Amino acid sequence: MRQYILRRLLLLPPTLLLLGTILFFMVQSIPGDVASALLAGEENAVDPKTLEKFREDLGLTEPLIVQYGKWLAQTATGDLGYSYYFSKPVWEVIKPKIETTLTLAIFGVLIAIVLALPAGVFSALFRGSWFDQFVRTISAAGMAVPAFWLGIIILLILSRIFGWMAPVIHSSIFDNPIEAFQRYLFPSLILGFRSAAVISRMVRSMMLEVLSEDYVRTAWAKGLQPRSVIIGHALRNALLPVVTMLGMLFASLIDGAVVLETVFNLPGIGLLMVDSVIARDPGMVLGLVLSIGIFMMIWILLIDLSYKVLDPRVEYD
Amino acid sequence: MKFRISSVIAISMMALLSIGLVACSSSDAAAAAAPAAAAPAQAGSSSGYVPSAPAQPAAAAAAAAAAPSAEVAAAKEVSAKPKQTVAKTVTEFEGGKRGGVLTLISGKWFQRWDMTTRSHWSSTQGLNRHYSGVLQFSPRDGLTVTPDLAKEWTLSDDLMGSSFVFNEGVKWHDGEDFSVDDVIYTINRWQNPPDGVPQPRIAGLLLVDSMEKVDDNTLNITHTKPTSRILPAMADAWHIIHPEHVLEKTGGVLSSGDQVIGTGPFKVDSFSEGNNVVSVANPDYFQNAPDGSPFPYLDGITSVAMANNDLSAAALATGQVDYYTTLTPSKSFPIKDKRPSIVITRWDSPGFQGISMNTTKAPFDDLELRKAFACGLNTHAIAELSSTPGVVPMEYRQISFFGTADPNYEDVASLKCVDPAQREANEAEAMAVFKAKGLTEVEFDSDTPTDPIATIVQQQMKELGVDVKIVVSEVTSAREKAYAGDTTLFFFGQAVASKSPVEIINQVYRPGAGFELYQATPPAKWSELLDQLDMATLGSEEEKALTAQMDTIMWDEWMPKVPVRRPDEFQVKQDHVRNIDAIATAKFIQSRFVDAWLDK
């Protein structure tokens, strides 16, 4: 187990290097740069001579390989770099946004689990019933409806019909939990609902498969309580691929947060990513992707390690 | 069969959701049309749709009548020489109730805490209230230069120099004393910014050649040329004064809300990065109301950034925010359905939107073709087609070269290339030139797929025998293409911080402004007139006469750009918000809210 964890952790730097290198050259290959974004803004233009001088000041006129070397040397020391667009170190820009996106994603996952597990289990247990049809219909709709569309619909319905909207002034969940709950409720519900749509279908099909296994039939034959058979024997075994999927889903939740943060005005990583890409801020984009990359790799490792808890037969070495 | 049933149910549910969305959206259109019809009846009411220019005195009068302690200050003389007509009075402050916190939407998050490094108006709405300038434009008309940190000023007879006398006892928010050295430091920083610090709105400050500190409160400035334009440059909403003692410690870089330390009427209390700035009244603010009581009236201001207009509209409709300087008509008018007390006021934006022609290459290196293209376009139709249906009068207005400050603004429709009566003749003339010069196709770069301009131009030009190929790129890529000189036609817009033709020239036509990109060199006569204009007094008859002459030269001998339209904008506020008039430049000028108050 230790060797496995060590091996996985050792894979982290080369993976990040590859990710960063590909991204570095991708960012550099798209037209425009942070100098023009800074000088021109949204509605202004700029004197080409001033622009050129500014590019020199920022080191953007240096050969690409030199810029790459500098980025590599700085990243190797654990420094995520400097954002010219925000005029501060990348980590200082990212840090205050983490809470928002993480809260949104965690709430999303929790809602997804709360909705999907019972829906998937009961859907499988009562296969073909009206409940099964209902869950499948809802999950089909959940997968088909785009998050931003649903977000805007909810926003319009709440404000136009009910005359209510969540507090617009953002505060930390630790400072004002009640207001924060109101702010996160609907975006989390949307995120959770969309994820639940996928998970519930998976739980249903896995449960159907497991319920037809011999050991489940044996459990029933032994006269075990239904709760023990379904939760202790069937669900536990059905959950293994679902947990894998949950891990992947967390990544897509961060992806979905990009859209929902824009719709619901939550100052998180998603909005930051959009602004940084538009501003062509290479330091910020690279720093963000590397941060998310590190987080995701550790998250996936934790998911892999959780298999052992669910199924003691799993061997890592 | 089961699959079919679930599919049918799923599709039905999606259809129901779609109907819901359409119902919500269509109320936009209906509501947009409704106020248009109701506009005449509501004009001048304190809570209805208020037409722009004529309504302002009425709105002010209504506000004054509503104010228990309403009082218009007596004009205060400043020591400007009789020769200049600028700044004869301080802003006509209107008394109001004290207390309360104004919550406003500051547009999108301003991204950079140093507001001088970003040209977007969200910076002024979010940050300007914490600062002061040497001078400032009146929040009542957006054009008159009034005192700020400097209480008096003079221009030398030859206009080669100016002198500013500053208020005494001014303190920074951190308790340090303000001094003339801070002004010198700030202007030097504008002209020689630290590496990586952009200064996009520098134009007017380039007129400063050197500065001399006469004493602790007096500053003499030598100009690079004879000009009176140093005054509006000092009043520009972006040209705020920074504290030397703060920026010296950070190498001239301001990168945190904690470093937002000014001398303005409000100071930063707290902030949530990306969302809001909570400001409280500065108890040491140096300006007093005319009755001697301290400014500001408000206890505080909270500005909230909103990522989209739907959210802004919802925040206004639910009463969570009090004021937003600009919201699209399709979003603003439906709010009145839910909240009839909302006041929507139309104001003319000090902007210029036009088509840039690359004159360094064919076909638009040819003046005749540029003129034919400009006159062949039906800008009235463009303004009409790109306006939100149902908003009367149109959201966009056709313009000549100086946008809002157009010398021919009142009768712009009578200009040769704009006059509907001459449309057929203009089109025939344009078509003949295109044919003679062999212009059959041209590329039009666009950075906004949803903006109808390119499509309208394409359709109009097709009728004149020219095939316009639209190339759509994402905004930064499109801009980069323009910088590289790879565009032929490019639609652009520019907002200016003062309702003055000189500001339009500074931002759009003057060499070095930025939008002179690939623009033909101005005729010598035009440049001579510009020099004279630089010496003319702001808003004077001389200025009007000069710009009228320049406008004629631009149509006949230069045609640097195709002037197309400028937007009207829509201020939305709760009815208890007083003393924030809807004027041109409201986005920039009305961002300190020194005399705004709440009638709650």
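Computed from a predicted structure; not experimentally measured.

**Student:** How do you make sense of the layout of surface pockets when you look at a structure like this?
**Tutor:** Summary: where empty space remains is shown by rolling a probe the size of a single water molecule over the atoms. There is about 840 Å³ of room inside the second largest pocket. Surrounding the second largest pocket, 40 residues form its lining, T50(A), Q199(B), I202(B), A203(B) and L206(B) being those nearest its centre. Elements with a contribution of two residues or more to the lining of the second largest pocket: α3 (48-58) of chain A together with α4 (180-191), α5 (230-235) and α15 (501-509) of chain B. Considered class by class, the residues forming the lining of the second largest pocket number 19 nonpolar, 11 polar and 10 charged.

**Student:** Looking at this structure, I do not really get the domain arrangement of chain A. What am I missing?
**Tutor:** Often the size quoted for an interface is simply the accessible area lost on bringing the parts together. Residues and elements named next belong to chain A. The domains assigned to chain A are domain 1 (2-91) and domain 2 (97-310). A straight line from the C-alpha centre of domain 1 to that of domain 2 covers 32 Å. Taken residue by residue, the interface counts 30 residues in domain 1 and 23 residues in domain 2. Around 2200 Å² of area is buried between domain 1 and domain 2 when both sides are counted, 81% of it from carbon and sulfur atoms. D304 is the salt-bridge partner of R8, the closest N and O atoms lying 2.5 Å from each other. Counting every contact that joins domain 1 to domain 2 gives five residue pairs in polar contact (both at pLDDT 80 or more). For the side of domain 1 that touches domain 2, the secondary structure elements donating two or more residues are α1 (2-29), α2 (34-40), α4 (64-76), β1 (82-83) and α5 (90-125). Examining the composition of the side of domain 1 that touches domain 2, we find that 14 residues originate from one element, α1, more than from any other. Counted by class, the side of domain 1 that touches domain 2 contains 22 nonpolar, six polar and two charged residues.

**Student:** Is there a simple way to think about the packing of aromatic side chains in this case?
**Tutor:** Where two aromatic rings form a pair, the distance of their centres and the angle of their planes describe that pair. Residues and elements named next belong to chain B. A complete count under the given rule lists 31 aromatic pairs over all chains for this structure. Plain terms: the ring middles of Y323 and F593 are 5.8 Å apart, the flat faces sit at 80° to each other, and that makes the pair edge-to-face. Pair noted here: Y323 is in strand β12 (residues 323-324) and F593 is in the loop between α18 (586-589) and β21 (597-598), with a separation of 270 residues, a long-range link. Pair check on accessibility: Y323 and F593 agree, each one buried. Members of the aromatic cluster, each reached through a chain of ring pairs, are F352, F401, F402, F492, Y509, W526, W555 and W558. It is R201 that lies over the ring of F588; its NZ or CZ is 6.0 Å from the centre. Here R565 stacks its cationic end above the ring of Y396, 3.7 Å away from the centre of that ring.

**Student:** What's the story with empty space enclosed by the protein in this structure? I'm lost.
**Tutor:** Tallying each qualifying case throughout the model produces eight cavities of 30 Å³ or more. Size it by volume and the largest cavity reaches roughly 190 Å³. In terms of lining residues, the largest cavity is bounded by 23 residues, among which Q136(B), P139(B), I589(B), Q590(B) and R592(B) are the most central. Mapped by element, the contributors of at least two residues to the lining of the largest cavity are β3 (135-137) and α18 of chain B. The greatest single-element share of the lining of the largest cavity, amounting to three residues, is contributed by β3(B). The calculated volume of the second largest cavity comes to roughly 130 Å³. For the lining of the second largest cavity, the elements supplying multiple residues, two or more each, are α7 (147-161) and α8 (177-211) of chain A. Per-element tally for the lining of the second largest cavity: the top contributor is α8(A), with four residues. Looking at the lining of the second largest cavity residue by residue, the class counts come to 12 nonpolar, two polar and one charged.

**Student:** What is the right way to read the packing of α5(A) against helix α6 (residues 130-144) of chain A from this model?
**Tutor:** Think of two packed helices as two axes; the pair is described by the angle between the axes and how far apart they sit. Residues and elements named next belong to chain A. For the pair α5 and α6, interaxial distance at closest approach is 8 Å and the crossing angle is 135°. Taken as axis vectors, α5 and α6 run oblique relative to one another. For α5 against α6, the interelement crossing comes out left-handed. Contacts between α5 and α6 involve A119, F122 and S123 on the former and, on the latter, F131, D132 and V135.

**Student:** For this particular structure, what's the right way to read the pattern of salt bridges?
**Tutor:** Close approach of charged atoms allows side chains of opposite charge to pair. Taken as a whole and assessed by the stated rule, the structure comprises 31 salt bridges over all chains. Here D132(A) and R204(A) are joined by a salt bridge, their closest N and O atoms 2.8 Å apart. Here D132(A) is found in helix α6, whereas its partner R204(A) is found in helix α8, with 72 residues between them in sequence. Across this residue pair, the class does not change: D132(A) and R204(A) are buried. D177(B) is the salt-bridge partner of K171(B), the closest N and O atoms lying 2.6 Å from each other. With a relative accessible area of 31%, K171(B) lands in the partly exposed category. Taken together, the shared-partner salt bridges in this structure form one network comprising K225(B), R510(B), D531(B) and D534(B).

About the cut-offs
- Residues numbered from 1 in each chain as written.
- Chains lettered and ligands numbered in written order.
- Predicted model: local features only at pLDDT ≥ 70, side-chain atom pairs only at ≥ 80, totals over all residues.
- Heavy atoms only, no water.
- 1 Å grid on protein atoms, 1.4 Å probe; cavity = no way out; pocket = protein on both sides within 12 Å on 5 of 7 lines; lining within 4 Å.
- Points joined across faces, edges and corners; volume = space filled by probe spheres on them.
- Helix = DSSP H or I, 4+ residues; strand = E, 2+ residues; numbered from the N terminus.
- Nonpolar A, V, L, I, M, F, W, Y, C, P; charged D, E, K, R; others polar.
- Domains from an automatic or database assignment.
- Contact = heavy atoms within 4.5 Å.
- Buried area = accessible area lost by both parts, 1.4 Å probe.
- Salt bridge = Lys/Arg side-chain N within 4 Å of Asp/Glu carboxyl O.
- Polar contact = N/O pair within 3.5 Å; in protein donor to acceptor, adjacent residues only side chain to side chain.
- Phe/Tyr/Trp six-rings, centres within 6.5 Å; stacked < 30°, edge-to-face > 60°.
- Buried < 20%, exposed > 50% of the residue type's maximum accessible area, 1.4 Å probe, protein only.
- Lys NZ or Arg CZ within 6 Å of the ring centre and 35° of its normal.
- Axes fitted to C-alpha atoms, helices over the stretch in contact; angles between N-to-C directions.
- Parallel < 35°, antiparallel > 145°, perpendicular 65-115°, else oblique.
- Left-handed = near helix turned anticlockwise from the far one by under 90°.

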